[in-house]
Amino acid sequence: MSKANMTGTYHMVSQENMDSYLSALDVNFALRKVVCMLKPTKQIQHDPSTGHMNIKTITTFKNFDMDFYLGKEFTEDLHAVDGRKCQTTVDWQGDKLVCEQKGEKKGRGWTHWLDGNHLHLELRAEGATAKQVFKKAE
């Protein structure tokens, strides 16, 4: 079974439980409130032949750039999110792209999957789960 090519630009259309997720990461109250108001855009470049991916999260407040190869662990600097570094691996589990972030926070990671022209994102840390849905730009 071939994996989905997630290349594209996606605009957020919904979000739930982001404040609880950020609280689990020890993000301060004021910053949590700002982040919860943002409507990020995701720009994904995915080369299925090499396994290389680049995921840019763009907002009016801060941008975050994640560049990696599927299945290869790397040191991820999450300074823009919560000031931590972790050992990160991203790979396919079925038709979902799953990220495991090993570090100070238990159960930290995320899962991306496509459903038609919608990109789903589930963020996890310390038992808290946030969900975002993005629609692919025309």
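Residues numbered from 1 in each chain as written. Predicted model: local features only at pLDDT ≥ 70, side-chain atom pairs only at ≥ 80, totals over all residues. Heavy atoms only, no water.

**With respect to the sheet that holds strand E2 (residues 41-47)**
Line of reasoning, step 1. Here ten strands make up an open sheet; going across it, the order is E4-E3-E2-E1-E10-E9-E8-E7-E6-E5 and the pairing antiparallel. Of all strands in the sheet, those with a lone pairing partner are strand E4 (64-69) and strand E5 (74-78), marking the two edges. Across the sheet, the axes of successive neighbouring strands diverge by a mean angle of 25 degrees, strand direction being ignored.
Line of reasoning, step 2. Alignment of strand E7 (residues 96-102) against strand E8 (residues 109-115), held across four bridges, turns out to be antiparallel. Residue pairing across strands places Cys99 opposite Trp110, the latter belonging to E8. (Pairing = 2+ DSSP bridges. Helix = DSSP H or I, 4+ residues; strand = E, 2+ residues; numbered from the N terminus. Axes fitted to C-alpha atoms, helices over the stretch in contact; angles between N-to-C directions.)

**What about the pairing of E4?**
The side chains of a regular strand alternate between both faces of the sheet.
Line of reasoning, step 1. Because side chains alternate across E4, one face comprises the buried residues Phe64, Met66 and Phe68, and the other comprises Asp65, Asp67 and Tyr69, none of which is buried.
Line of reasoning, step 2. In this structure, the hairpin formed by strand E3 (residues 52-58) and E4 is closed by a connection of five residues. (Buried < 20%, exposed > 50% of the residue type's maximum accessible area, 1.4 Å probe, protein only.)

**Notes on the confidence of the model for the protein**
Line of reasoning, step 1. Mean pLDDT for the protein: 92, with 98% of residues reaching 70 or above.
Line of reasoning, step 2. The weakest mean pLDDT in the protein belongs to E5 at 89; the strongest belongs to strand E10 (residues 128-136) at 98. (pLDDT = per-residue confidence, 0-100.)

**A closer look at unusual backbone geometry**
Line of reasoning, step 1. In the Ramachandran plot, Asn17 falls in the positive-phi region, its phi being about 65 degrees despite a non-glycine side chain.
Line of reasoning, step 2. Here Asn17 lies in the loop between strand E1 (8-16) and helix H1 (18-24).
Line of reasoning, step 3. Positive phi is not limited to glycine here, since Glu126 has a value of about 50 degrees.
Line of reasoning, step 4. For Glu126, the position within the fold is in the loop between strand E9 (118-125) and E10.
Line of reasoning, step 5. On the accessibility criterion, Glu126 (39% relative accessible area) is partly exposed.

**Here's the deal with the nonpolar core**
Line of reasoning, step 1. Of all hydrophobic cores here, the largest spans 29 residues; its most connected members are Met6, Tyr21, Met66, Phe68, Val90, Leu97 and Trp110.
Line of reasoning, step 2. The element that contributes the greatest number of residues to this core is E9, accounting for four residues.
Line of reasoning, step 3. In contact with Trp110, other than residues within four places in its own chain, are Ile55, Met66, Val90, Leu97, Val98, Cys99, Gln101, Leu121, Glu122, Leu123 and Arg124. (Core = buried A, V, L, I, M, F, W, Y, C linked by side-chain atoms within 4.5 Å. Contact = heavy atoms within 4.5 Å.)

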